[in-house]
Each structure stands twice: as structure tokens, then as C-alpha cells.
Amino acid sequence: MIKVEHLVKAFGPKLAVNDVSFSVERGEVLGFLGPNGAGKSTTMRMVTGYYPPTSGRITVGGHDMVENPIAAKRLIGYLPENAPGYADMTVNGFLNFCAELRGLQGDARKRAVHRAVELCFLENVLYQSIDTLSKGYKHRTCLAQSLIHDPDVLILDEPTDGLDPNQKHEVRGLIKRLGESKVVIFSTHILEEVEAACSRVIIIDRGHIVASGTPAELKARSPEGKLDEVFRAITLPDTVKHDVSHEVHA
Amino acid sequence: MNAWAAIRTIMKRELAGYFTSPIAYVFLVIFLLLTGFFTFTIGNFFERGEASLVSFFTWHPWLYLFLVPAAGMRLWSEERRLGTMELLLTMPVTTWQAIIGKFLASWLFLALALALTFPVAITVNYFGDPDNGVIFAGYVGSLMLAGAYLAVSCMTSALTRNQVISFILSVMICLFLILAGYSPVTDLLSQYASPVVVEIVAAFSVMTHFEGFQRGVLDTRDVVFFASVIGFMLFVTGVIIRNQRAG
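Fair warning: this is a prediction, and the values are worked out from it, not measured in the lab.

### A look at the overall build of chain A
And then number 1: Looking only at helices and strands, chain A features nine helices and ten strands.
And then number 2: Here the C-alpha radius of gyration of chain A, 18 Å, is about what a compact globule of 250 residues would show, namely 18 Å.
And then number 3: Projected onto its principal axes, the C-alpha coordinates of chain A cover approximately 55 × 40 × 30 Å.
And then number 4: For chain A, with 250 residues in total, the buried portion stands at 55%.
And then number 5: Of the contacts formed within chain A by residues at least 6 apart in sequence, a portion of 66% connects residues at least 24 apart.
And then number 6: Of the accessible surface of chain A, which amounts to about 10,900 Å², a share of 51% is contributed by carbon and sulfur atoms.

The following block contains the structure:
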């Protein structure tokens, strides 16, 4: 369903993503794991068509993201990092706007908004403007937006960020349920989340894929069978001063 | 979804955005107060004893200089600040559709503000017998002028997430578009440069092209000028937005 080949993204001399390849099929939940600034968001922004890749190829449902972006974007529901929303719109207005941009009209649009509102428990704030929402509601509003057209592919950038433990549990459950029939890619730096929701994990560090496999496979790499030990062993903390030279384009 | 449906959806949201915040009401009230003040007090509408709206339209390039950037400064900078740009541009719409939708919404809003000045036209018709063709041409010219300034603001707002910077840049560029053909400046310039150079510089000015409309002449060249400014500025907006993402 999603195929990413040798993806590279350079910002000036800095390589944010360096030769990342993976593919995901329907029914899989792929977890993107990595320290802050590892290139998770940049990769997701390229897969969703926001950033054009410096080099490499992305196909979604057979459509090339660079050559045929509209067809590819139609298949994707995307929750960007920090869950943005138009501050002055109501939740209802915002979801209707997103549904309309997805080409939903009339009754189909009403049903889609209703469904997304139910999935994300937004009934109570439907007519509240987005800038008055708590962080949890704001996050769920943006999540609802990504689900509105019942997409085949869901890309969620830190979907549980800023949620309370109940909401986190709820969202993980939702990801798992949706993952049975769709492709889900989500990023996180919370390790328990990976175990709770993913069928496969990719660990990214400094733009490279440093490990990939099922959560069980990765855990087996550590003598104690703990994921956070594996994580710490293969990624560098950003407090360590690293050699910059390998990041600079020759 | 076809292109027009996408443009319309974005336009509708943007236009509604003016009215859900106080911007629209503040803008409309100030615009109408200022046009009234300039036309009747500074422009000596009554003392002129002329059945025309010259004293009304003359001030538009100067009035728009501050008001149009104020209406347009948030177009893209707000999207960047809120992060909704990422949302909008990962929807199945092209960058062009988003740019045109946003531009048209603001232009429509400015057209509404301009349309609300209709009492001036009624007044002049009540007191005298003006040439309404000239008045109509004046309105068309004023709308084109507003569109040109707005396209500039659209471009500057794509440059930064800071609305103040976007506003100031936009005012500066619009000021240049005025001054290049403003007679005190062209007079000064003609002392140092050959008439050809002065004419070329003046040809870039909105003043030169706005004057025709005020005289009631709908010259294709003037229309083409304003349309090209709008087209060029929106094109640059697109390039800026593309480059920001290209890294």
C-alpha cells in the first residue's frame, strides 16, 4: 500500500532523512520510534506530500506522491504534529470544511462528520471554537479530521502527545482497531505505546533506520527483554556531541 | 473533486474567517469612516460643485496603502503560525487552488467594503447629474487597484509567520507602486533622467493606470496591467510556498 524507497531530505547542508526505505501493507500498524529530531516528522511530511523529497520515491496505493499527488493524498488521513486547527472555527465548522475538501457533499458529508465526531468523542464541544478547547479536545478534533473520509491510510504524528492517560488508552485502542483494516503509520517516543499498538516497529535515529522488526523481535535483542534498553543501545542521546561531518553533503 | 469546488471551499472558509473574528467589522467601519472623511472633508466634495466622484476615488491609492495590507497580512502567515498550512496542503488540493481560493476570498471582502460606499454614488446623483459610466469605471479601477495591493500582501504574508512583518513589507512594496508614478516623484526624476526612463518607471506605477479609470476610460492596457500585477504576485506566492517546503 505504501512504498518508500531511498528517501532523502536535505535542509541546506543538513540531512534530516537519509536513505529511508520501508513498505507497509493493509492490516499493519507501523510504529515510528526515535528520539526527538530523528527525522520522524520529516519522513511523515514527505509521505503525506507536504515536503517534496530531495531524492527517493514514495508511492501510496500505486500513486506516485510526486507525480500524482492529488490521487495519493486522497487515500491518506493525516494528523500533523501538534494537531493544528483553525483557531476561530468551531469544531463542527472545521470538520465540515475538511470533509468538503475531501470531496464529501450533502448527506455523505453529514454522515462523515457525525461518524468522526462519535469516534473521537467530540459531541460536547461541537459548537465551541477551536482556540477555546483543551489540549486533549484539540488533539481529538484534528484526529477526527484525519478520519473523516474513512481513509485507507492513516498517518499520525505523535497521536497521543498531550493526552491524559485515559485518552491515551482510548487513542491506542482506536489505532489498533483501525489498523485491522487500514494501513496505520504513527510516530511516538513512548515505548509502551509501541508494544500496545504496533505490529511492526522502525527505529530512526539521525535520519537513518537503525532497527526494524516486530516489537517482540526487537525486545529479544536485549538480555532483559526490555524495549527501552534496546532503544537506548541503538540511538544516541542528543546531549552527546556527535561527529557532524557525516551529515554534511560532500 | 474538481478544481473549482476546491477553490470555492477554501474561499468560503476564508471569507467566513473575516466575519467570525472582529477583523471584518473593524475594517468595514474604519474603511467607510475614512473614505467619508477623505471625500467630504479633505477632498472638498461639496465645495467643488462638480457632479463627479473624483474627490472620492483620488484617495483610494493612499487609503488602500494601509487598509489592504491589513486585510491581507494574515492570509498565509496565519496558516504558518497555526500550522494549518501543513493540514491544508496535505489535503487533495493543489497549492494553486489554495492560493487562488484565499486571494478571491479577500478580494471579495474588499469588494464588499467598496460596495458599501454606495451612498456616495447616491449622494452625487441626488445633488447633480453625474456621468454614471465614469463612476462605474472608477469603481472597476478601484477594485483592480485593491486586487493588485492584495496580491502583494498575499505574497508578503507567505514570506513570514509574523503578521507585522508581512504588513510592513506589503506597505513598502505598495508605496513603491504608488510613488513610481506619483507626479512629485516623476517631476523630480525627470530632472535627472531622460523622459524615456521616467516613462518606463511610471509605467510600473498603479497611479498611472488608475488615472484612466478615474477619467471613465476602461483601457485594456490598464486592465492588463492590474491583472499582470495580480498574476505575477500570486505566482511569486506559489514559488515562495513551494520553496519553503523544498528546504
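### Points about the side chain of A:Thr42
Residues and elements named next belong to chain A.
And then number 1: By the element assignment, Thr42 lies in helix H1 (residues 40-47).
And then number 2: Classification of Thr42 as buried rests on a relative accessible area of 11%.
And then number 3: Not counting chain neighbours up to four residues away, the residues in contact with Thr42 comprise Lys9, Phe11, Ala16, Val17 and Tyr51.

### Some thoughts on the pattern of salt bridges
And then number 1: Under the definition given, this model contains 18 salt bridges over all chains.
And then number 2: A salt bridge links A:Arg200 to A:Glu28; the shortest N-O distance between them is 2.8 Å. Of this pair, A:Arg200 sits in strand S9 (residues 200-205) while A:Glu28 sits in the loop between strand S2 (14-24) and strand S3 (29-33); the two residues are 172 residues apart in sequence, bridging distant segments of the chain.
And then number 3: The partner of B:Lys12 in a salt bridge is A:Glu100, and the shortest N-O contact between them spans 2.9 Å. Of this pair, B:Lys12 sits in helix H1 (residues 3-20) while A:Glu100 sits in helix H3 (residues 91-101), which puts the two residues in different chains.
And then number 4: One connected set of salt bridges, linked through shared partners, spans B:Arg13, B:Glu14, B:Arg74, B:Glu79 and B:Lys102.

### Details of the interface of chain B and chain A
And then number 1: Facing 26 residues of chain B, the contacting portion of chain A comprises 30 residues.
And then number 2: For the pair chain B and chain A, the summed buried area comes to about 2,600 Å², and 63% of that belongs to carbon and sulfur atoms.
And then number 3: Counting every contact that joins chain B to chain A gives nine residue pairs in polar contact (both at pLDDT 80 or more).
And then number 4: Among the secondary structure elements, those contributing two or more residues to the side of chain B that touches chain A are H1, helix H6 (74-82), helix H7 (84-89) and helix H15 (220-246) of chain B.
And then number 5: Counting residues per element, the side of chain B that touches chain A draws most heavily on H1(B), which supplies seven residues.
And then number 6: Counted by class, the side of chain B that touches chain A contains twelve nonpolar, eight polar and six charged residues.

### Considering the sheet that holds strand S7 (residues 153-157) of chain A
Residues and elements named next belong to chain A.
And then number 1: Here six strands make up an open sheet; going across it, the order is S6-S7-S8-S3-S9-S10 and the pairing mixed. The open sheet is flanked by strand S6 (76-79) and strand S10 (208-213), the only strands paired with a single partner. Each strand of the sheet is rotated relative to its neighbour by a mean of 15 degrees, with strand direction disregarded.
And then number 2: Packing of helix H5 (residues 135-147) onto the sheet brings it into contact with S6 and S7, and relative to S6 it is tilted by some 170 degrees.
And then number 3: Along the sheet face, helix H6 (residues 165-179) touches S3, S7 and strand S8 (183-188) and points at about 150 degrees away from the line of S8.

### Points about the nonpolar core
And then number 1: One finds A:Ile2 and B:Trp76 to be the most contacted residues of the largest nonpolar core, which totals 140 residues.
And then number 2: Of the residues forming this core, the biggest block, 13 residues, is contributed by helix H10 (residues 132-159) of chain B.
And then number 3: Those residues in contact with B:Trp76, other than ones at most four positions away along the chain, are B:Met85, B:Leu88, B:Ala98, B:Ile99, B:Lys102, B:Cys154, B:Ser157, B:Ala158, B:Thr237 and B:Ile241.

### Some remarks on the confidence of the model for chain B
All names here are of chain B.
And then number 1: Predicted confidence across chain B gives a mean pLDDT of 91, with 100% of residues reaching 70 or more.
And then number 2: Across chain B, element-level confidence peaks in helix H8 (residues 95-115) with a mean pLDDT of 96 and bottoms out in helix H3 (residues 45-48) with 80.
And then number 3: Overall fold confidence for the complex sits at a pTM of 0.91, while the interface term, ipTM, reaches 0.89.

### Here's the deal with the pairing of S7(A)
All names here are of chain A.
And then number 1: Among the five residues that make up S7, five are buried, leaving the element largely enclosed by the rest of the structure.
And then number 2: Of the two faces of S7, the one holding Val153, Ile155 and Asp157 and the one holding Leu154 and Leu156 are both buried throughout.
And then number 3: Here S6 pairs with S7 via four bridges, running parallel. Within S7, the residue paired with Ile76 across the bridge is Val153.
And then number 4: The parallel pair S7 and S8 is bridged by H6, and the resulting crossover is right-handed.

### Topic: the environment of B:Ala51
And then number 1: You can see B:Ala51 is positioned in the loop between H3 and helix H4 (54-57).
And then number 2: Linking B:Ala51 and B:Gly128, residues 77 residues apart in sequence, is a C-alpha distance of 5.3 Å.

### Side note on the confidence of the model for chain A
And then number 1: Averaged over every residue, the pLDDT of chain A is 88; the share at 70 or more is 94%.
And then number 2: Ignoring residues within four places in sequence, the model shows residues 244-250 of chain A, a span with pLDDT below 50, making eight contacts including any to other chains.

### Remarks on H10(B)
All names here are of chain B.
And then number 1: The first and last C-alpha atoms of H10 sit 41 Å apart over 28 residues, in line with the 40 Å expected at 1.5 Å per residue.
And then number 2: For H10, the buried fraction is high: 21 of the 28 residues fall into the buried class.
And then number 3: At the N-terminal end of H10, a side-chain oxygen is found 2.9 Å from the backbone nitrogen of Gly133, two or three residues along, and the residue is Asp131.

What counts, and at which threshold
- Residues numbered from 1 in each chain as written.
- Chains lettered and ligands numbered in written order.
- Predicted model: local features only at pLDDT ≥ 70, side-chain atom pairs only at ≥ 80, totals over all residues.
- Heavy atoms only, no water.
- Helix = DSSP H or I, 4+ residues; strand = E, 2+ residues; numbered from the N terminus.
- Rg over C-alpha atoms; globule rule 2.2 N^0.38 Å.
- Buried < 20%, exposed > 50% of the residue type's maximum accessible area, 1.4 Å probe, protein only.
- Contact = heavy atoms within 4.5 Å.
- Areas by Shrake-Rupley, 256 points an atom, 1.4 Å probe, with all protein chains shown as cover.
- Salt bridge = Lys/Arg side-chain N within 4 Å of Asp/Glu carboxyl O.
- Buried area = accessible area lost by both parts, 1.4 Å probe.
- Polar contact = N/O pair within 3.5 Å; in protein donor to acceptor, adjacent residues only side chain to side chain.
- Nonpolar A, V, L, I, M, F, W, Y, C, P; charged D, E, K, R; others polar.
- Pairing = 2+ DSSP bridges.
- Axes fitted to C-alpha atoms, helices over the stretch in contact; angles between N-to-C directions.
- Core = buried A, V, L, I, M, F, W, Y, C linked by side-chain atoms within 4.5 Å.
- pLDDT = per-residue confidence, 0-100.
- Right-handed = clockwise from strand over helix to strand, strands pointing away.
- Expected span 1.5 Å × (residues − 1).

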